[in-house]
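Chains, contacts and geometry: an overview
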Amino acid sequence: MAYEMNFAPVFARTPDLVHGMINTIVLSAESIAIGLAIGLGVALTRVNGPRWSAAAGATYVEAFRNTPLLVQLFLLFFGMPYVGFRLSADHAAIVAISLNLGAYSAEIFRAGLLAIPRTQIEAGFALGLSRLQVMRYIIIVPALRVIYPALTGQLTLTLLGTSIASSISATELTLAGSKIESQSFRSLETFLVVAAIYICITFCFRLVYWLIGLWLFRRRDPQTGLAGAVLKLGTREGGA
């Protein structure tokens, strides 16, 4: 017998889907912001920090990149209460996803930092720039230009990975869909709608990344201004 699609029971619970969508966006945004800060800090530590801090950063990266996000989430939510540290489902999801993204983005940032020629950094100091100015204009922004496509791809995976938080009943879109499916018994229709919402959220985030890329890179001509002067001086010193 042919299956008859019926989306009415799903659309009747639209407020639940909207609430789950908003929570997913908030969870993703907070996790991405924290995770990128962690990743950049770890990458800078591994590239320019003392040996002990570089070793600690490498241990953190390997530990989180070689274990599943679901296991990390379970350890935080179910395991930490045994040592007296209890987190709500939403907070455990933010911490786990942030730490996971931090490990992956640290390697992406590190690759970008290592791509900056040493002579270009020395040229920045030769022009009288402060360490903070060299870090901002000579290292971070040019490195970010190199790694931006890979980084935004990882951020998209992080956004989609928030669905795992439903396993600990964190209030997000997949959990909302699961509740609607259990009440309406319309599994196909429910998760088709959930998938469509995820696609819309993902494209919205990608649009934001594209606009940020325009603001960061295309408005800055690397052959003019401070960055151009440093690049020319660094190239001249490197060829000398």
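Notes on the structure follow. Since the structure is predicted, the reported quantities are computational estimates derived from the model, not experimental observations. (Residues numbered from 1 in each chain as written. Predicted model: local features only at pLDDT ≥ 70, side-chain atom pairs only at ≥ 80, totals over all residues. Heavy atoms only, no water.)

What to know about a nonpolar patch on the surface
Note the threshold: Exposure above 30% relative accessible area and the absence of a salt bridge qualify a residue for a patch, where like charges join within 9 Å and nonpolar side chains (Val, Leu, Ile, Met, Phe, Trp, Tyr) within 5 Å. Note on areas: these come from Shrake-Rupley sampling with a 1.4 Å probe, and a residue is covered only by the protein chains present in the view. One side-chain nitrogen of Lys or Arg within 4 Å of one carboxyl oxygen of Asp or Glu is enough to make a salt bridge. Under the scheme used here, helices are H or I runs from DSSP no shorter than 4 residues and strands are E runs no shorter than 2 residues, and both carry numbers assigned from the N terminus.
Taken together, Tyr3, Met5, Leu188 and Leu192 make up a surface patch of nonpolar side chains, about 390 Å² in accessible area. By the element assignment, tyrosine 3 lies in the segment before helix 1 (8–11).

Notes on the environment of glutamate 4
To keep things clear, this is the line we draw: Whether two residues are in contact is decided by their heavy atoms: any pair within 4.5 Å suffices.
Inspection of the secondary structure assignment puts glutamate 4 in the segment before helix 1. Expressed as a C-alpha distance, the spacing of glutamate 4 and arginine 218, which sit 214 residues apart in the sequence, is 50 Å. Dropping the residues within four chain positions of it, glutamate 4 is found in contact with Arg186 and Glu189.

Some points on the packing of helix 3 (residues 51–65) against helix 5 (residues 89–114)
Our working rule: Helix axes are fitted only over the stretch in contact, all axes being lines through C-alpha atoms; the angle between N-to-C directions runs from 0 to 180 degrees. Crossing handedness is read from the near helix: turned anticlockwise from the far helix by less than a right angle, it gives a left-handed crossing, and turned clockwise, a right-handed one. By the convention adopted, Pro, Cys, Tyr, Trp, Phe, Met, Ile, Leu, Val and Ala count as nonpolar, Lys, Arg, Asp and Glu as charged, and the other residues, Gly among them, as polar.
Viewed as axis vectors pointing N to C, helix 3 and helix 5 meet at an angle of 115 degrees, and their least axial separation amounts to 9 Å. You can see that helix 3 and helix 5 cross each other, and the crossing is left-handed. Every residue of helix 5 that contacts helix 3 at Tyr60, Val61, Phe64 and Arg65 is listed here: Leu99, Asn100, Gly102, Ala103, Tyr104, Ala106 and Glu107. Among the residues forming the contact of helix 3 with helix 5, the class breakdown is 7 nonpolar, 2 polar and 2 charged.

Focus: the packing of aromatic side chains
Let me state the cut-off plainly: Here a Phe, Tyr or Trp ring, Trp counted by its six-membered ring, pairs with any other such ring whose centre lies within 6.5 Å, and the pair is stacked when the planes are under 30 degrees apart, edge-to-face when over 60, and tilted otherwise. The cut-offs for exposure are 20% and 50% of the maximum accessible area for each residue type, with area from a 1.4 Å probe on protein chains only; residues under the lower value are buried, those over the upper are exposed, and the others partly exposed. Any Lys NZ or Arg CZ that is within 6 Å of a ring centre and within 35 degrees of that ring's normal is treated as a charge sitting over the ring.
Under the counting rule described, the total for this entry stands at 5 aromatic pairs. Ring centres of tyrosine 60 and phenylalanine 64 lie 5.1 Å apart, and the angle between their planes is 55 degrees; this geometry places the pair in the tilted category. Note that tyrosine 60 and phenylalanine 64 are positioned in helix 3 at a spacing of 4 residues, about one turn of the helix. The interplanar angle of 75 degrees and the centroid separation of 4.9 Å between the aromatic rings of phenylalanine 77 and phenylalanine 78 together place this pair among those described as edge-to-face. Residue phenylalanine 78 is classed as partly exposed on the basis of its relative accessible area of 44%. A connected cluster of aromatic rings, assembled from ring pairs, spans Phe74, Phe77 and Phe78. When the ring centre of phenylalanine 203 is taken as reference, the NZ or CZ atom of arginine 206 above it lies at 5.0 Å.

With respect to unusual backbone geometry
A positive phi is found at serine 169, a non-glycine position, where the angle reads about 65 degrees. Following the sequence through the fold, serine 169 ends up in the loop between helix 7 (131–161) and helix 8 (173–184). Residues other than glycine seldom take positive phi values, yet phenylalanine 185 does so here, at roughly 60 degrees. Looking at the element boundaries, phenylalanine 185 is found in the loop between helix 8 and helix 9 (187–218). Overall, the relative accessible area of 66% leaves phenylalanine 185 in the exposed class.

Here we look at the pattern of salt bridges
Overall, the coordinates contain 5 salt bridges when judged by the stated rule. As a salt-bridge pair, glutamate 122 and arginine 118 come within 3.9 Å of each other at their nearest N and O atoms. Of this pair, glutamate 122 and arginine 118 both sit in helix 6 (residues 118–126), separated by 4 residues, roughly a single helical turn. Ionic pairing is found between glutamate 189 and arginine 186, a salt bridge with its closest N-O pair at 2.8 Å. For the pair formed by glutamate 189 and arginine 186, the shared burial category is buried. Overlapping salt bridges bring together Arg46, Arg65, Glu107 and Arg110 as one network.

That is the geometry; function is a separate question.
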